[in-house]
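Remarks on the overall topology
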Amino acid sequence: MADLKIEVFTSPRCPHCPSAVKATKQLLKENKKFGGRVKWAELNTATPKGRKKAQSYGIRGVPTIVFTNKKGERGAVTGTPSQKKYLKIVYEMLGEEMPEEVIVEDDNAGFFDRLFKRK
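Rules and cut-offs
- Residues numbered from 1 in each chain as written.
- Predicted model: local features only at pLDDT ≥ 70, side-chain atom pairs only at ≥ 80, totals over all residues.
- Heavy atoms only, no water.
- Salt bridge = Lys/Arg side-chain N within 4 Å of Asp/Glu carboxyl O.
- Helix = DSSP H or I, 4+ residues; strand = E, 2+ residues; numbered from the N terminus.
- Buried < 20%, exposed > 50% of the residue type's maximum accessible area, 1.4 Å probe, protein only.
- Phe/Tyr/Trp six-rings, centres within 6.5 Å; stacked < 30°, edge-to-face > 60°.
- Axes fitted to C-alpha atoms, helices over the stretch in contact; angles between N-to-C directions.
- Parallel < 35°, antiparallel > 145°, perpendicular 65-115°, else oblique.
- Left-handed = near helix turned anticlockwise from the far one by under 90°.
- Contact = heavy atoms within 4.5 Å.
- Core = buried A, V, L, I, M, F, W, Y, C linked by side-chain atoms within 4.5 Å.

1. Regarding the pattern of salt bridges
Enumeration over the complete set of coordinates arrives at five salt bridges. Where arginine 37 meets aspartate 3, a salt bridge forms, and the shortest distance between an N and an O atom there is 2.8 Å. Of the two residues, arginine 37 is situated in the loop between helix H1 (17-30) and strand S2 (38-44) and aspartate 3 in the segment before strand S1 (4-10); the sequence distance between them amounts to 34 residues. Look at arginine 37 and you get partly exposed, because its relative accessible area is 26%. Lysine 70 serves as the salt-bridge partner of aspartate 3, at 3.4 Å between the closest nitrogen and oxygen. Residue aspartate 3 is found in the segment before S1, and its partner lysine 70 is found in the loop between strand S3 (64-69) and strand S4 (74-78); the two are separated by 67 residues along the sequence. By relative accessible area, which is 19% here, aspartate 3 ends up buried. On the basis of relative accessible area, lysine 70 is assigned to the exposed category, the value being 59%.

2. Things to note about the packing of aromatic side chains
Working definition: an aromatic ring pair is given by the centre-to-centre distance plus the angle between the planes. Counted by the stated rule, this structure contains three aromatic pairs. The interplanar angle of 80 degrees and the centroid separation of 5.8 Å between the aromatic rings of phenylalanine 9 and tyrosine 57 together place this pair among those described as edge-to-face. Of the two residues, phenylalanine 9 is situated in strand S1 and tyrosine 57 in helix H2 (residues 48-57); the sequence distance between them amounts to 48 residues. With relative accessibility at 0%, the residue phenylalanine 9 sits in the buried group. Ring plane angle 85 degrees and centroid distance 5.9 Å describe the contact between phenylalanine 67 and tyrosine 86, whose orientation is recorded as edge-to-face.

3. Side note on the packing of H1 against helix H3 (residues 83-94)
One way to put it is that H1 packs onto H3 with a least axis distance of 11 Å and a crossing angle of 65 degrees. Taken together, the axis directions place H1 and H3 in an arrangement best described as roughly perpendicular. Crossing angle aside, the handedness with which H1 passes H3 is right-handed. The residues of H3 that touch H1, namely those facing Ala23, Thr24, Leu27 and Glu30, are Gln83, Tyr86, Leu87 and Val90.

4. Description of the nonpolar core
For soluble globular proteins, the rule of thumb is that nonpolar side chains tend to be buried together. Within the largest apolar cluster, 20 residues are counted, with the highest numbers of intra-cluster contacts made by Ile6, Phe67 and Val90. Elements with a minimum of two residues in this core: S1, H1, S3 and H3. Among the elements that make up this core, the one with the highest residue count is H3 (seven residues). Those residues in contact with isoleucine 6, other than ones at most four positions away along the chain, are Thr24, Val38, Lys39, Trp40, Ala41, Ile65, Val66, Phe67, Tyr86 and Val90. One finds Phe9, Leu43, Ala54 and Val66 within the second-largest nonpolar core, a separate group that totals five residues.

5. Examining the side chain of threonine 10
Assignment of secondary structure puts threonine 10 in strand S1. Looking at threonine 10, the relative accessible area reads 3%, which means it is buried. Those residues in contact with threonine 10 that sit more than four places away from it in its chain are Cys17, Val21, Glu42, Leu43, Asn44, Thr45 and Val62.

So this is what it looks like as structure tokens:
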């Protein structure tokens, strides 16, 4: 088993679900250090398997991202988290501190600060 399993619950009618899937793919692509330690799957709630799993977790809205570590600890976030929040959750669920050298955009930066890469 992987050290962390990420399950992204989606629905075909949800306009926000593609961004949660994209954020998950981007997180794993940009953080190769997770290697085989983190596995992910998309679960469509319009399918019997996805609906049954969502019901077992008590999920009532999509997108919802569920994190399960190898200790069996589980956490979830509804919506698409920012890159920084997503990384913090993954490191926390792995039981590790996020390294200081990991550079992510400040969640509190304003639109023009991000546009012009100002602090």
